[in-house]
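Structure assessment
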Protein chains: 2
Amino acid sequence: MTKKNLKLHAIVAPAQTVVVSAYDEDKKADACTLSFYTMSSHKPPCVTIAINATAKRKTLKSILNSGAFVVGYPGTDQVKEADYLGVESGYNVDKLEKIGFTTSDGQCVNAPIINELRLSLECEVIHQVTIGSHTQITGEIKNIQADESILNDKDNILLNQLKPIIYDEESFSYYDIGDRVADAFKTGAALKRFFIKDDMK
Amino acid sequence: MTKKNLKLHAIVAPAQTVVVSAYDEDKKADACTLSFYTMSSHKPPCVTIAINATAKRKTLKSILNSGAFVVGYPGTDQVKEADYLGVESGYNVDKLEKIGFTTSDGQCVNAPIINELRLSLECEVIHQVTIGSHTQITGEIKNIQADESILNDKDNILLNQLKPIIYDEESFSYYDIGDRVADAFKTGAALKRFFIKDDMK
């Protein structure tokens, strides 16, 4: 390999695209699209999102004021709507109304669920910290609401039905998920067994 | 849609798989695979990772002791090695040696770069907090080292050359990236222009 040093920048490639929603002070639903998002704890299940704190984002303010938010997963069939929610500001227009999205109250937290999204995680803010340009917010998942169309008979989420949107900031493009390439854990466990056997020779 | 509530659990679907490496107290390179990972600031560029704090992971200890780590991106052609690094423990064997991976000192931080990975981010720990089962560590990116094979002539990273591994915990599978489905920003901006024009009618 021939390695070279790149100009310092955030490598958002690949990153999952989600829509985060929260109520503002008038209990109007705000939403914005973001790609700084990860699970951050198994027990209890938590997510961490990071939102630009320098850009006066309305949804950030609403999350911090209300102490709750919902993470919604748009599908590739909703990529126009998802991109729009990241481009326009909630200070200018009612973005959700514009794209025909509707909301319902979360069942467990004080935040709006976008009805048109097939998977929603209701989260309660349990930690926040501003580092660099972004505020990182950790939310504990209090409820998971999924459309039956994305579930198998064991209630596992089917990736090919969820159709998650993958963002690539290097080419400013969205991608879908491709082919299944390997089993997780079994693949590594087989290698582990091989090495242990090899050591015993 | 017909929505139902799911049993509470972490939704790791989809999540990017990375290999995090750090030096232990004897300056031996540790590495582990994880999927709790996101960019968390544009300026300065930062990443946030979360590692299970209850499982006594060696790499977590090494990161916290040394104050530095490297995020390496394995490709789908390295999925066996990546999975093994997540399955085996560094307390048992020299995992990197077993799979034939070699390391070099980071140029800007006190952490090892895995030579066989095509993209590596050298990070300095600037924040840590334990929430739930995991310790979240934010690292400021101090250097980006990329193999020339994954770059275009403008030094943008090519996703189809990087070949990132996407983890789906719902089916315990790894996936690759699929097709490009839309332009980011242009798609939403076109919708924004349409709505503004429509409002002026």
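Counting its secondary structure elements, chain A contains five helices and 13 strands. If one aligns the C-alpha atoms of chain A with their principal axes, the spans along those axes are about 70 × 50 × 30 Å. Of the contacts formed within chain A by residues at least 6 apart in sequence, a portion of 60% connects residues at least 24 apart. Put simply, chain A shows about 8,400 Å² of open surface, and 48% of that area lies on carbon and sulfur atoms. If you average the places of the 23 positive and of the 27 negative side-chain charges in chain A, the two averages end up 8 Å apart.

Let us now look at the packing of helix α2 (residues 79-87) of chain A against helix α5 (residues 186-200) of chain B. Between α2(A) and α5(B), whose axes approach to 7 Å, the crossing angle comes to 80°. With respect to α5(B), the axis of α2(A) lies roughly perpendicular. Contacts between α2(A) and α5(B) involve K80(A), E81(A), D83(A), Y84(A) and V87(A) from the former and K186(B), T187(B), G188(B), A189(B), L191(B), K192(B) and F195(B) from the latter.

The subject of this paragraph is the nonpolar core. M39(A), L121(A), M39(B) and L121(B) are the most contacted members of the largest nonpolar core, which has 91 residues in total. Ignoring sequence-local partners within four residues, the contact set of L121(A) consists of Y37(A), M39(A), V47(A), F69(A), V70(A), V71(A), Y73(A), I141(A), N143(A), I144(A) and I11(B).

Contacts between chain A and chain B engage 99 residues on the former and 99 residues on the latter. With both chains or domains summed, chain A and chain B bury close to 8,900 Å², and 61% of this area falls on carbon and sulfur atoms. Salt-bridge contacts for E88(A) lead to K192(B); the nearest nitrogen and oxygen are separated by 3.8 Å. The interface formed by chain A and chain B holds 56 residue pairs in polar contact (both at pLDDT 80 or more) in total. Ranked by the residues each element gives to the side of chain A that touches chain B, the list is headed by strand β13 (residues 173-183) of chain A, at 11 residues. Residue composition of the side of chain A that touches chain B, by class: 48 nonpolar, 26 polar and 25 charged. Bridging between strand β11 (residues 134-147) of chain A and strand β1 (residues 3-6) of chain B involves four bridges; their strand directions are antiparallel. By the bridge assignment for β1(B), I144(A) is matched with L6(B).

A complete count under the given rule lists 12 aromatic pairs over all chains for this structure. Taking the centre distance of 5.5 Å and the plane angle of 45° together, the rings of Y167(B) and Y174(B) count as tilted. Residue class for Y174(B) comes out buried when judged on its relative accessible area of 5%. Each member of the aromatic cluster is reached from another via a ring pair, and the members are Y167(A), F172(A), Y174(A) and F185(B).

What follows is about the relation of the copies chain A and chain B. Between chain A and chain B, which share one sequence, the superposing operator has a rotation angle of 180° and an axial displacement of 0.0 Å; the RMSD is 0.0 Å. On this basis, the relationship between the two copies can be described by a two-fold rotation axis. Taking C-alpha positions as reference, the residue of chain A nearest the rotation axis is G178(A), located at 1.8 Å. When the interface residues of chain A are mapped onto chain B, 100% of them again fall at the interface, so both copies present the same face.

Take the pairing of strand β13 (residues 173-183) of chain B next. Pairing of β13(A) with β13(B), which is carried by seven bridges, proceeds in the antiparallel orientation. Paired with R180(A) across the bridge in β13(B) is Y175(B). Of the strand pairs in this sheet, strand β12 (residues 166-168) of chain B and β13(B) are connected by three bridges, and their pairing is antiparallel. Residue pairing in the sheet places Y167(B) in a bridge with Y174(B) of β13(B). As consecutive antiparallel partners, β12(B) and β13(B) are separated by four residues, and within that stretch F172(B) has a phi angle of approximately 50°, a positive value.

The next subject is the pairing of strand β3 (residues 18-23) of chain B. Residues and elements named next belong to chain B. Extensive coverage of β3 is indicated by the burial of six of its six residues. Alternating positions in β3 separate into two faces, V18, V20 and A22 on one and V19, S21 and Y23 on the other, with burial throughout. The antiparallel hairpin formed by β3 and strand β4 (residues 29-34) contains five residues in its connecting segment, where K27 sits at a positive phi of about 60°. Here β3 pairs with strand β7 (residues 68-72) via three bridges, running antiparallel. In the strand pairing of β7, V19 is matched with G72.

A word on the sheet that holds strand β12 (residues 166-168) of chain A. Pairing within the open sheet is antiparallel, and its six strands lie in the order β2(A)-β12(A)-β13(A)-β13(B)-β12(B)-β2(B). Each of the sheet's edge strands pairs with one partner strand only, and the pair in question is β2 (15-16) of chain A together with β2 (15-16) of chain B.

Those residues of α2(A) lying buried are V79(A), A82(A), D83(A), Y84(A) and L85(A). Its buried side turned inward, α2(A) meets β3 (18-23), β4 (29-34), α3 (95-98) and β13 of chain A together with β13 and α5 of chain B.

This next bit is on helix α1 (residues 58-66) of chain B. For α1(B), the complete set of buried residues consists of K58(B), T59(B), L60(B), S62(B) and I63(B). Summarising the contacts, the buried residues of α1(B) are in contact with β3, β4, β6 (46-52), β7, β10 (119-131) and β11 (134-147) of chain B.

Reading the values: rules and limits
Residues numbered from 1 in each chain as written. Chains lettered and ligands numbered in written order. Predicted model: local features only at pLDDT ≥ 70, side-chain atom pairs only at ≥ 80, totals over all residues. Heavy atoms only, no water. Helix = DSSP H or I, 4+ residues; strand = E, 2+ residues; numbered from the N terminus. Contact = heavy atoms within 4.5 Å. Areas by Shrake-Rupley, 256 points an atom, 1.4 Å probe, with all protein chains shown as cover. Lys, Arg positive; Asp, Glu negative; His and termini not counted. Charge placed at Lys NZ, Arg CZ, Asp CG, Glu CD. Axes fitted to C-alpha atoms, helices over the stretch in contact; angles between N-to-C directions. Parallel < 35°, antiparallel > 145°, perpendicular 65-115°, else oblique. Core = buried A, V, L, I, M, F, W, Y, C linked by side-chain atoms within 4.5 Å. Buried < 20%, exposed > 50% of the residue type's maximum accessible area, 1.4 Å probe, protein only. Buried area = accessible area lost by both parts, 1.4 Å probe. Salt bridge = Lys/Arg side-chain N within 4 Å of Asp/Glu carboxyl O. Polar contact = N/O pair within 3.5 Å; in protein donor to acceptor, adjacent residues only side chain to side chain. Nonpolar A, V, L, I, M, F, W, Y, C, P; charged D, E, K, R; others polar. Pairing = 2+ DSSP bridges. Phe/Tyr/Trp six-rings, centres within 6.5 Å; stacked < 30°, edge-to-face > 60°. Least-squares fit on C-alpha atoms with pLDDT ≥ 70 in both.

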